[in-house]
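# Structural description and commentary
Chain by chain, the residues:
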Amino acid sequence: MRRKIAGLAASIIALACIAAAPASAAGASQGRNGCFSETYAVAFGVGIAVNCGYGEGDGYRVVAHCASGGDFWYALGTYVPYGFGPSVAKCEGGLFSPAGLGGYHIIED
């Protein structure tokens, strides 16, 4: 019986962490002109997708600024040529410490 109660409690905590993820932490002003961003919830964290139509070089990638508790790190997004879809980066944390998105920047290649 204790194992069932512990499993139920862990499930409730996991669902609460997923529902509490900030899905709009990064604003449009953090990118550059000609790009737009959208945040979305992932398991125990947040993801960001940035789409740029034009720019210098051949392509770009997004770099997400992630934080969870006292830890900070960067998540490198996918490389995408200009005009061919979004660059996606995910900030993923753990069960008891979901990750948040503090901001992002764009690297042009």
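Residues numbered from 1 in each chain as written. Predicted model: local features only at pLDDT ≥ 70, side-chain atom pairs only at ≥ 80, totals over all residues. Heavy atoms only, no water.

Overall, antiparallel pairing links the 3 strands, which are arranged 1-2-6 in an open sheet. Of all strands in the sheet, those bounded by a partner on one side alone are strand 1 (35–42) and strand 6 (87–92). Ignoring strand direction, the axes of neighbouring strands in this sheet form an average angle of 20°. Looking at chain direction, strand 2 (residues 45–52) and strand 6 are connected through 6 bridges and run antiparallel. Looking at strand 6, one finds that A49 is bridged to V88. (Pairing = 2+ DSSP bridges. Helix = DSSP H or I, 4+ residues; strand = E, 2+ residues; numbered from the N terminus. Axes fitted to C-alpha atoms, helices over the stretch in contact; angles between N-to-C directions.)

Looking now at the packing of aromatic side chains. Enumeration over the complete set of coordinates arrives at 1 aromatic pair. Where Y60 meets Y82, the ring centres are 5.2 Å apart and the plane angle is 35°; that geometry is what we call tilted. A residue pair is termed long-range when its members are at least 10 positions apart, and Y60 in strand 3 (residues 59–68) and Y82 in the loop between strand 5 (80–81) and strand 6 qualify at 22 residues. You'll find Y60 and Y82 in the same group, each marked buried. (Phe/Tyr/Trp six-rings, centres within 6.5 Å; stacked < 30°, edge-to-face > 60°. Buried < 20%, exposed > 50% of the residue type's maximum accessible area, 1.4 Å probe, protein only.)

Taken together, the 8 bridges between strand 1 and strand 2 define a ladder with antiparallel strand orientation. Directly across from E38, in strand 2, lies its bridge partner A49. Following strand 1, the chain reverses through 2 residues before pairing antiparallel with strand 2; F44 in that reversal takes a positive phi of roughly 60°.

All right, on to the environment of G45 then. Residue placement: G45 occurs in strand 2. The spacing of G45 and A99 is 54 residues in sequence and 4.5 Å in space, taken between C-alpha atoms.

Bear in mind that shape data such as this cannot, by itself, settle questions of function.
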